[in-house]
Amino acid sequence: MSETPRIVQVAVPAPLRRTFDYLPPSSGDPRPGVRVRVPLGRGRAVVGVVTGTATASSVPTARLKAVLGVLDEEPLLPPEVMDLLTWAADYYHHPIGEVMQSALPVRLRGDRPASAAGDSVWAITAAGRAVNEASLNRTPLRLRLLSALKKEEQGLTADELVRISARWQAGMKALVAAGWVARRERDCLAPVPRTLLPPPALNAAQADAVRAVLASRAFRVFLLHGVTGSGKTEVYLRAIEAVLATGRQTLVLVPEIALTPQLVDRFRSRFGVAIAVLHSGLSDGERACGWLSARAGKAAIVLGTRSAVFTPLPRLGLIVVDEEHDGSYKQQDGFRYSGRDVAVMRARRSGVPIVLGSATPSLESLYQVQRGRYAYLSLPDRAGAANPPALDLLDMRRLAPDESLSRPLRQAIGECLARREQAMLFLNRRGFAPVWFCPDCGWLAPCSRCDARLTLHRASARLRCHHCGAEGPVPKHCPACGSERLRALGEGTERVEGALQRMFPEARIVRIDRDTTRRKGSLESAFARVRAGEADILVGTQMLAKGHDFPNVTLVGVINADQGLYSVDFRAGERLFQQIVQVSGRAGRAEKPGRVLIQTYHPDHGLFGALRLGDYRQFADDALLERREAGYPPFSFLALLRAESSSPGGALKFLGLARSLAERCPRAELEIMDPVPSPMERRAGRHRAQLLVQSRRRAPLHAFLREWLSLLEEAREARRVRWSLDVDPADLY
DNA sequence: AGCACGCCGACT
DNA sequence: GTCGGCGTGCTC
């Protein structure tokens, strides 16, 4: 019998929407999920992932190149994850190679063996611990290294040792030779605590929710709608506990900012199991180590942000998505997937239950509840029987604000301080003032690369663009008319902080925004100061609202709630409501009632009515009716083709071509809009435009997109602009 | 994305 | 006479 020629299909790291065929290595066909080194182009070798094998190729055999090397004995990506990634590449119409790469930790994207992916560290040995430090007095470098390692149970990497001494290697050599220090791989799984916290008692709603989730052995989506402070996390923990007891693993996804040490500690102190934490703040080695422990089944719980949804978990038993409505689940560049939606698909494919938790669920999820697709679990009560905070609207049309703070708000802050409680103020705008303005000729300092105004940062005396990062000095004279009367218009957090300091000279004020928390760990230390009672007033942007509890905050003020009230984006209302509910949740605890004051120029807006009643379901039902009438998601499916070009008309011109190519594709049940400039047409020197495609049904939309993209890829005009397709876009700009 | 090939301007 | 500008095309 003649042997059948075999072909290996490989997803290569290139923006190509297909796999490449290679001849197998002499060792035989590598299995799907295995990394291979393959030649690509002229003299270049890349690492790709095997997606399958075949008996024939559409490329003539003579032109096929052979796999250069096989990097993994066992598939690095197991079949379950490979299937999920293939689905995701198809659904988001994104190049398969880039999708595969995004699923791998950075350390494993190259040809490093999986066994050596962690951080290599120097760690103290038992012998080293017993050394009498006085005996090292004559070798200060060795002494410093040894005492540093004594404090670091996990050991130190070369990068970290450099900070102790540039010449650390010399001293380390001697310490290793003496047997006091050894080189090993850093263990990324924190030690299991000796004493575990006992689980608190559940209220009836929590117990019902836990019971419902645990009753489901197969795939089922649960929407856990729990008001702030109602104990959603405890429901997760109980469900996880039961899953762990059966020897299975749990995947927990949280929004980017919410993965705080506090949350991690809460998980660690409850379970006597290894927990892998995966987020962007880790070193590449730590990420790879956590990922590999999950894949090996060593980590029983994976707690991570968006990209953790692709972590291999051989014994997956449950998925939890916390704050499922949060926008940070959607990746905003490159492979634009939704971590939440992929999680639901993963649960379905793996046949496990998934819990989506939120105080303000997305309209998409609530709609699935209405349709009977998701099970609805409600936690209506705050733990400890605390009342929800009283919510008042301040009609700014009738109140004379002083530096954007109305009199009732100032008064409430004063009373709050007198009670020795803390106040928290939100303003979604950092910097001192959003505009630098000439009162004589009307000139407004513009960004030279964006269609936007520059924001004044007074402390650093700079004008900055919040869209492209450009910055420059603050002109003293108007460049248009020479006037010397330039002034700041509007308010940012920096200005409000100053105003508060003048109004309440005794108060200790902490400002929290991207400018004050740029340094690593500074956000955490600011929060720690607040919790320790070393601050009276907190001023900040949205980042103040997520994942943190401040028991002594009893007043929350929203300084400008109007942004987004009349926005062009159809999701703006939903997001505003979610934000206000989230910040309101910061006010008050069991024994101290909270108060929320919202400043607005549109107090009659319907959104505030539902907000005052604290009725999210009512708001959501109304909003869903509006969406249904307008034909917006979740009653339709969207795809947005975006383009940007350095030349003014380039993006629109390309989209014009895309629009005409669309005529050649199956267009039944589709609405293909005309290309339009993006709401902020110029950004960072690039001209941007977009084209929206909409359909009532998913299938025709995706059939269309498939053909449309293959035509677009062939078009030479497509090489002159940067373009990307966003399936289920979160923002229409 | 990389990388080479390919024709037109200012330099040792 | 060459170095190099980025337009165009291809990668199994």
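Residues numbered from 1 in each chain as written. Chains lettered and ligands numbered in written order. Predicted model: local features only at pLDDT ≥ 70, side-chain atom pairs only at ≥ 80, totals over all residues. Heavy atoms only, no water.

Looking up chain A in an unreviewed UniProt entry gives the name Replication restart protein PriA, with the organism given as Sulfurifustis variabilis. Under the UniProt heading Function (unreviewed entry), the note attached to chain A is "Initiates the restart of stalled replication forks, which reloads the replicative helicase on sites other than the origin of replication. Recognizes and binds to abandoned replication forks and remodels them to uncover a helicase loading site. Promotes assembly of the primosome at these replication forks." Looking at chain A in UniProt, the text filed under Subunit (unreviewed entry) is "Component of the replication restart primosome." (UniProt positions renumbered as here; feature names shortened; annotations may be inferred.)

Moving on, we get to the environment of Ile 512. With respect to the helices and strands, Ile 512 occurs in strand 22 (residues 509–512). The spacing of Ile 512 and Phe 527 is 15 residues in sequence and 8.9 Å in space, taken between C-alpha atoms. (Helix = DSSP H or I, 4+ residues; strand = E, 2+ residues; numbered from the N terminus.)

Now for the layout of surface pockets. The space that makes up the second largest pocket amounts to roughly 970 Å³. Along the walls of the second largest pocket sit 33 residues, with Gly 229, Gly 231, Thr 233, Arg 266 and Asp 549 positioned nearest its centre. Taken together, the elements giving at least two residues each to the lining of the second largest pocket come down to helix 8 (232–245) and helix 9 (261–268). Its residues assigned to classes, the lining of the second largest pocket comprises nine nonpolar, 14 polar and ten charged. Counting contributing residues per domain, the lining of the second largest pocket is built from domain 3 (204–379) and domain 4 (390–432 + 491–624), each supplying no fewer than three. (1 Å grid on protein atoms, 1.4 Å probe; cavity = no way out; pocket = protein on both sides within 12 Å on 5 of 7 lines; lining within 4 Å. Points joined across faces, edges and corners; volume = space filled by probe spheres on them. Nonpolar A, V, L, I, M, F, W, Y, C, P; charged D, E, K, R; others polar. Domains from an automatic or database assignment.)

This paragraph deals with the protein's contact with DNA strand B. Surrounding DNA strand B, one finds Pro 15, Arg 42, Arg 44 and Arg 719. Counting only the atoms of DNA strand B within 4 Å of the protein, the fraction contributed by sugar and phosphate is 53%. Taken together, the residues of the surface near DNA strand B break down into one nonpolar, no polar and three charged. (Near = heavy atom within 4 Å.)

The subject of this paragraph is the sheet that holds strand 14 (residues 375–379). Strand order in the open sheet formed by seven strands is 10-11-9-12-13-8-14, and the pairing between neighbours is parallel. With one partner strand each, in any of the chains shown, strand 10 (275–278) and strand 14 form the two edges of the open sheet. Taking each pair of neighbouring strands and ignoring which way they run, the sheet shows an average axis angle of 15°. Bridge analysis of strand 10 against strand 11 (residues 301–304) gives four bridges, and the strand direction is parallel. Across the sheet, the residue bridging to Ile 275 is Ile 301, located in strand 11. The strands touched by helix 12 (residues 363–370) are strand 8 (220–226), strand 13 (353–358) and strand 14; relative to strand 8, the strand with the most contacts, the crossing angle is about 115°. (Pairing = 2+ DSSP bridges. Axes fitted to C-alpha atoms, helices over the stretch in contact; angles between N-to-C directions. Contact = heavy atoms within 4.5 Å.)

According to UniProt, the "binding site: Zn(2+) 1" (unreviewed entry) feature falls on Cys 438, Cys 441, Cys 478 and Cys 481. What stands out for the annotated residues spanning 44 residues is how close their C-alpha atoms remain, the widest pair being 8.7 Å apart. Mapped onto the elements, Cys 441 comes out in the loop between strand 17 (435–437) and strand 18 (455–457). A relative accessible area of 38% places Cys 441 in the partly exposed class. Look past the residues within four positions of Cys 441 in its chain and what remains in contact with it is Cys 478, Ala 480 and Cys 481. Within the secondary structure layout, Cys 478 lies in the loop between strand 20 (471–473) and strand 21 (487–489). (Buried < 20%, exposed > 50% of the residue type's maximum accessible area, 1.4 Å probe, protein only.)

This part takes up the packing of aromatic side chains. Inspection of every chain in the model, using the stated rule, returns 17 aromatic pairs. Both rings, one in Phe 570 and one in Tyr 632, keep their centres 4.3 Å apart while their planes meet at 10°; by these two values the pair is stacked. Note that Phe 570 is positioned in the loop between strand 24 (553–558) and helix 16 (572–584) and Tyr 632 in the loop between helix 18 (616–630) and strand 26 (637–645), a separation of 62 residues in sequence. Residue class for Phe 570 comes out buried when judged on its relative accessible area of 15%. Aromatic pair Tyr 616 and Phe 619: ring centres 5.8 Å apart, planes at 40°, arrangement tilted. (Phe/Tyr/Trp six-rings, centres within 6.5 Å; stacked < 30°, edge-to-face > 60°.)

On to empty space enclosed by the protein. Enumeration over the complete set of coordinates arrives at one cavity of 30 Å³ or more. Estimated volume of the largest cavity: approximately 30 Å³. Lining of the largest cavity is provided by Thr 233, Tyr 236, Val 252, Val 254, Leu 263, Phe 267 and Asp 322. Looking at the lining of the largest cavity residue by residue, the classes come out as five nonpolar, one polar and one charged.

Another aspect to go through is the nonpolar core. Formed by 123 residues in total, the largest nonpolar core has its most connected members in Ile 598 and Trp 708. Here this core takes eight residues from helix 1 (residues 79–91), the largest share from any one element. Once residues within four sequence positions are removed from consideration, Ile 598 is found in contact with Leu 391, Asp 392, Leu 393, Leu 394, Val 558, Ala 561, Ile 580, Phe 608 and Leu 611. Residues Phe 267, Phe 271, Val 277 and Leu 318 belong to the second largest nonpolar core, which totals 32 residues. (Core = buried A, V, L, I, M, F, W, Y, C linked by side-chain atoms within 4.5 Å.)

Moving on, we get to the protein's contact with DNA strand C. Lining the immediate surroundings of DNA strand C are 14 residues, of which Asp 21, Arg 63, Lys 65, Arg 719 and Arg 720 lie closest. Across the atoms of DNA strand C situated within 4 Å of the protein, the share located in sugar and phosphate is 53%. Within the side chain of Arg 719, one N or O atom sits 2.7 Å away from a base nitrogen of DNA strand C. Ranked by the residues each element gives to the surface near DNA strand C, the list is headed by strand 2 (residues 20–22), at three residues. Residues of the surface near DNA strand C, tallied by class, amount to seven nonpolar, one polar and six charged. (Polar contact = N/O pair within 3.5 Å; in protein donor to acceptor, adjacent residues only side chain to side chain.)

This paragraph deals with the state of the cysteines. The tally for this structure, following the rule as stated, stands at one disulfide. Residue Cys 188 pairs covalently with Cys 289 via a disulfide, S to S 2.4 Å. An S-S torsion of about -80° defines the bridge between Cys 188 and Cys 289 as left-handed. In this pair, Cys 188 is assigned in the loop between strand 7 (181–185) and helix 7 (204–215) and Cys 289 in helix 10 (residues 284–295), connecting sequence segments 101 residues apart. For Cys 289, a relative accessible area of 13% corresponds to the buried category. We note that Cys 465 lacks a disulfide partner, and the nearest cysteine sulfur, in Cys 447, lies 3.6 Å from it. Cys 468 carries a free sulfur, and the closest cysteine sulfur to it, the one in Cys 447, is 3.7 Å from it. (Disulfide = S-S within 2.5 Å.)

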